[in-house]
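Listed below are the residues making up each chain.
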Amino acid sequence: DTVLCSGSSVTLDASGAVTYSWSPASGLSATTGPSVIASPSATTRYSVLGTDGSGCQAYERITLTVNPRPTVNLSAQ
C-alpha cells in the first residue's frame, strides 16, 4: 500500500496478464491497460483484473492513503 499527499499522483503498474481492467474509475487516468496514473482525492482501494490469453483471470488490489497537506502560515514582523 502507498501513502501520498493530497493533490499528488502515482503510477500503478500491473503485469503478468494480457489485458487489464481497473476500478474504481474515480481518480484514474484510464480504466484499461497495464499502467495507469492514480490521483485520488481521498483514500481509495484500487483493483485490477488481469486476463491472460486463455481467458483466466486474477485480481490484485492496492490501497492509496491520501494525507492532507499541512497549512503553512507566514508572517513578517
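So, a few notes on the structure that sits alongside this text. None of these values were measured; they are calculated from a predicted model. Per chain, residues are indexed from 1 in the order of the written sequence. Reporting of local features is limited, given that this is a predicted model, to residues whose pLDDT is at least 70; pairs of side-chain atoms are given and counted only at 80 or more, and all residues count toward the totals for whole chains, interfaces and linings. With hydrogens and water set aside, each side-chain value is computed from the structure's full complement of heavy atoms.

The strand order across the open sheet formed by 4 strands is 1-6-5-3, and the pairing between neighbours is mixed. The sheet is open, and its two borders are formed by strand 1 (2-5) and strand 3 (19-23), each paired with just one other strand. Sheet twist, expressed as the mean angle between neighbouring strand axes with direction ignored, is 25°. Of the pairings in the sheet, the one linking strand 1 to strand 6 (residues 57-67) comprises 4 bridges and is parallel in character. If you follow cysteine 5 over to strand 6, its bridge partner there is asparagine 67. Strand pairing is defined by DSSP finding a minimum of two bridges between the two strands. For helices the rule is a DSSP run of H or I covering at least 4 residues; for strands it is a run of E covering at least 2, with both sets numbered from the N terminus onward. The convention used is that axes are lines fitted to C-alpha atoms, helices contributing only their stretch in contact, and that angles between N-to-C directions extend from 0 to 180 degrees.

What we call a nonpolar core is a set of buried Ala, Val, Leu, Ile, Met, Phe, Trp, Tyr and Cys residues that are connected through their side-chain atoms within 4.5 Å. Exposure classes here rest on a 1.4 Å probe applied to the protein chains alone. A residue is buried below 20% of its type maximum, exposed above 50%, and partly exposed in between. Counting 11 residues, the largest nonpolar core is built from Leu4, Leu12, Ala14, Tyr20, Trp22, Leu28, Val36, Ala38, Tyr46, Val48 and Leu64. Those elements that place two or more of their residues in this core are strand 3, strand 4 (35-38) and strand 5 (44-51). Contacts were defined at the residue level, with two residues in contact if any of their heavy atoms lie within 4.5 Å. Setting aside anything within four residues of it in sequence, one finds leucine 64 in contact with Thr2, Leu4, Val10, Leu12, Ala38, Pro40, Ala42, Thr43, Thr44 and Tyr46.

Shape descriptors only; they carry no functional weight alone.
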